[in-house]
Amino acid sequence: MSVSKRLLSCMKRRSLWTYLRSRSVTTWSPVGAAFNARPHKRLELFEKNVGLFGVPELSSPSGFQVATKKALENSHLLLDKACSSTPGVDTVTAFDQLSDGLCKVADLADFVKVQHPDPAYREAARKTCIEIGTAVEKLNTNVELCKSLKNLLDRPDLVAQLDPDTRRVAELFMFDFEISGIHLDERLRKEAVMLHVKLLDLNNEFLVGSHMPNRIARSSIPEHLHLHFASEGSFVQVGGLHADAPDDLVREMAYRIYLYPNADLMECLEELLRCRYKLARLVGYETYGHRALKGTMAATPETVMSFLQLLTNKLSDRTAKDFKIMRDMKKKLNPRNSELMPWDHPYLSGVLRAERYNIEPSLYSPYFSLGSCMEGLNILFSRLYGVSLMSEHPSAGEVWSDDVRKLAVVHETEGLLGYIYCDFFQRKEKPNQDCHFTIRGGRRCQDTGQYQLPVVVLMLSLPHPTRNAPTLLSPGMMENLFHEMGHAMHSMLGRTRYQHVTGTRCATDFAEVPSILMEYFATDYRVVSHFARHYETGQPLPESMVARLCESKKMCGAADTQLQIFYAALDQIYHGKPQSCSTTEILQEMQQKFYGLPYTPNTAWQLRFSHLIGYGAKYYSYLMSRAVASMVWKQCFLQDPLNREMGERYRREMLAHGGAKEPMLMVEGMLQRRPTMEDFVDALVSELQPNFETFIMDSES
């Protein structure tokens, strides 16, 4: 290219971006512009390294050892304070300070051990997690510490003087003692601690193993399939299910290879389940499921299974119809091999949605630049809560990658509420998962009277912006962004007195409600119309496209829900009474009963079920939380999704309390009635009802 042509091309690009920026001046806040800009490598030579998240010790990996030592030393002082305090509010405050001091290090380390790009940081954080985790388990079996709390809770006159939040937190701390075996004799308490420590190792081993790729000799699969998988010498490496691959054989090969049983990981899982059951029995519970579900909305495994069975029964006709539609589509695409298999479900449901509703992601993504989506969130939070997202420039060493963005969350009258670190972009060796991490919980500091501001990280896996375009999100990516931001705002908008119950530190089947509710806002045109603009032309996303997107989710929705029911039921059985058969045989039985598509011999999907670690016996929570979110949306926001009065009520009744209030009481406060399991089931089933207005809109457009 000649110099003059290159200059002309550069001028055209510059004029385009000048035009877009000029449009942004009147329609976008700095947040939208910041997230559409390309990240620049920082020049930190002359800046002081403040350490990760502003923690001075963490300017190097070795700082974890310093931070851990300091936290443990401080915990000894707080332990003495808790044991010697006069029974009352001060007792609970001392307990929360003890919890806060350890959590500040443990939560940060828990994030760093899996997400930091530097192996030295990850390893240092892993050691800290084990060290702090071991210390916590010892505290949970410390008789003197427990006795100081018992002296309070055994006195009705003293309990009556406690405010509801303090009483709730005291009871939760006592529950932690009970499930750790505080009531056991010294020998059995030591056994409980040993089981806890062993489970920490098993959890980590299974979590790492569940994400490891499998490999197979290149000669074992057809040569024309090699290009679909990563190569490793004479082997082909398969690191996922390739569920979106149009080629049936690619999906089948990936399914069979990726899910092929690993003997060591199988033993790890079975030992993990044995240890969980043994620990539950040791501390007085019928099963691990009974232990895990205490304090949740469901409360017992029996209630969970009843919920799953009732939902299965009500969906059975729709599920059968969905599978028939998928079979017909597979027959149309591949007449010689039309049997519907598990590796077909995700792909064919996507094909059917795209065909019937014309929702090809590439048609939508130009309207969903990352900056415009962040601006949409900013508008939504401003309207509902009076909250703004403000971009801040992190200090040297504060973040772990140059493309991590920092947001301050500011309320119009309350001021600064907390910080959100946004690690949104793909990175080599970065886990491909969307998630929310609490780095520091909020609490009211008794000594200063100030509020300890919460700090969280949101993790996504988005493509980087290019020279010619910002990061463009598919509809699914956009909804995931809104989902994870729902978790973040749960953390930000809570103003709990105690760190132990801050933000998302609540019952698991309630914790997903705020994030799932955000998905409804993400697909409501009255919200979307405020931010979805074509990144080149500025044209708004047509309302008919949003309507089609919403309706498309109902296509094969019963089968998709049934798949989640199968996973939830499998999780319950694994954490129930020990079976005389293997985890694979249990999988096969549950797949037949709760899913319907045939089990594939020599596969072990359960070894990829990483949710067994964080959601052990509680995977049903996604379904139950979706039911609650659906009810809240329809009753409170459907009429006007930007209603400030309803937003304030939602914050007051559900977001503000964290785990300081029983979850069902929060739901009851929002809905003004106490829902039953049948109500939850009906809410999920009603989600699949077609919206005939959409069909009218499509026919008119």
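Residues numbered from 1 in each chain as written. Predicted model: local features only at pLDDT ≥ 70, side-chain atom pairs only at ≥ 80, totals over all residues. Heavy atoms only, no water.

Novice: Can you explain the overall build of the protein chain? Please cite residues and give values.
Specialist: Counting its secondary structure elements, the protein chain contains 29 helices and 10 strands. Computed over the C-alpha atoms, the radius of gyration of the protein chain is 26 Å, within 12% of the 27 Å expected from 2.2 N^0.38 for a compact globule of 701 residues. Taken across its 701 residues, the protein chain has 55% of its residues classed as buried. If you take every contact in the protein chain between residues at least 6 apart in sequence, the share linking residues at least 24 apart comes to 73%. Summed over its atoms, the accessible surface of the protein chain is roughly 31,200 Å², and 53% of this surface lies on carbon and sulfur atoms. (Helix = DSSP H or I, 4+ residues; strand = E, 2+ residues; numbered from the N terminus. Rg over C-alpha atoms; globule rule 2.2 N^0.38 Å. Buried < 20%, exposed > 50% of the residue type's maximum accessible area, 1.4 Å probe, protein only. Contact = heavy atoms within 4.5 Å. Areas by Shrake-Rupley, 256 points an atom, 1.4 Å probe, with all protein chains shown as cover.)

Novice: Lay out the sheet that holds strand E2 (residues 230–232) with the relevant residues and their values.
Specialist: Hydrogen bonding along the main chain pairs the strands of a sheet, whether they run parallel or antiparallel. Read from one edge of the open sheet, 3 strands run E1-E3-E2, paired in antiparallel fashion. Two strands lie at the open edges of the sheet, namely strand E1 (214–217) and E2, each paired on one side alone. Between one strand axis and the next, the sheet turns by 35 degrees as a mean value, whatever way the strands run. Pairing analysis gives 4 bridges linking E1 to strand E3 (residues 235–238), with the strands arranged antiparallel. Residue pairing for E3: isoleucine 216 is matched across the bridge by valine 236. (Pairing = 2+ DSSP bridges. Axes fitted to C-alpha atoms, helices over the stretch in contact; angles between N-to-C directions.)

Novice: Describe helix H3 (residues 63–84), with residues and values.
Specialist: Taking 1.5 Å as the rise per residue, H3 with 22 residues should run 32 Å; its terminal C-alpha atoms sit 32 Å apart, in good agreement. Taken together, the buried positions of H3 are Gly63, Phe64, Ala67, Thr68, Ala71, Leu72, Ser75, Leu78, Leu79 and Ala82. The buried residues of H3 occupy an angular sector of 155 degrees when the element is viewed end-on, so they sit on one face. Every exposed residue of H3 that faces more than 90 degrees away from the buried side is listed here: Gln65, Lys69, His76, Leu77, Asp80 and Ser84. Lining the buried residues of H3 we find helix H4 (89–115), helix H5 (119–139) and helix H6 (143–153). (Expected span 1.5 Å × (residues − 1). Arc of directions from axis to C-beta.)

Novice: Describe the pattern of salt bridges, naming the residues involved and giving the relevant values.
Specialist: A full pass over the atoms with the stated rule returns 42 salt bridges. Residue lysine 294 pairs with glutamate 178 through a salt bridge whose shortest N-O separation is 3.9 Å. With lysine 294 in the loop between helix H12 (288–293) and helix H13 (301–333) and glutamate 178 in helix H8 (residues 164–179), the pair connects residues that are 116 residues apart, well separated along the chain. Linked through salt bridges whose partners overlap, the residues forming this network are Lys198, Glu267, Glu271 and Arg274. (Salt bridge = Lys/Arg side-chain N within 4 Å of Asp/Glu carboxyl O.)

Novice: Tell me about unusual backbone geometry, residues and numbers included.
Specialist: Its identity as a non-glycine residue notwithstanding, cysteine 556 has a phi of 65 degrees, on the positive side. Inspection of the secondary structure puts cysteine 556 in the loop between helix H21 (543–552) and helix H22 (557–574). By relative accessible area, cysteine 556 is classed as buried at 1%. Phi is positive for alanine 617, which is not a glycine, with a value near 70 degrees.

Novice: I'd love a proper account of the packing of H6 against H8, names of residues and values included.
Specialist: For the pair H6 and H8, the least separation of the axes is 10 Å and the interaxial angle reads 135 degrees. Taken as axis vectors, H6 and H8 run oblique relative to one another. By crossing handedness, the relation of H6 to H8 is classed as left-handed. Contacts from Leu145, Cys146, Leu149, Lys150 and Leu153 of H6 reach H8 at Ala170, Glu171, Phe173, Met174 and Phe177. Of the residues in the contact of H6 with H8, the class split is 8 nonpolar, no polar and 2 charged. (Parallel < 35°, antiparallel > 145°, perpendicular 65-115°, else oblique. Left-handed = near helix turned anticlockwise from the far one by under 90°. Nonpolar A, V, L, I, M, F, W, Y, C, P; charged D, E, K, R; others polar.)

Novice: Residues and numbers for the pairing of E3, please.
Specialist: Taken residue by residue, a regular strand's side chains alternate between the two faces of the sheet. Side chains of E3 alternate between two faces, with Val236 and Val238 buried and Phe235 and Gln237 left unburied. For E2 and E3, the ladder comprises 3 bridges, and the chain directions are antiparallel. Paired with serine 231 across the strands is valine 236, a residue of E3. The antiparallel pairing of E2 with E3 creates a hairpin that spans 2 residues between the two strands, and glycine 233 there sits at a positive phi of about 65 degrees.

Novice: Would you mind going over the packing of aromatic side chains in detail, with residue names and values included?
Specialist: A complete count under the given rule lists 29 aromatic pairs for this structure. Ring geometry for phenylalanine 566 versus tryptophan 605: centroids 6.4 Å apart, planes at 40 degrees, classification tilted. Highlighted residues: phenylalanine 566 in helix H22 and tryptophan 605 in the loop between helix H23 (583–594) and helix H24 (611–614), separated in sequence by 39 residues. Here phenylalanine 566 matches tryptophan 605 in class, with each residue buried. (Phe/Tyr/Trp six-rings, centres within 6.5 Å; stacked < 30°, edge-to-face > 60°.)

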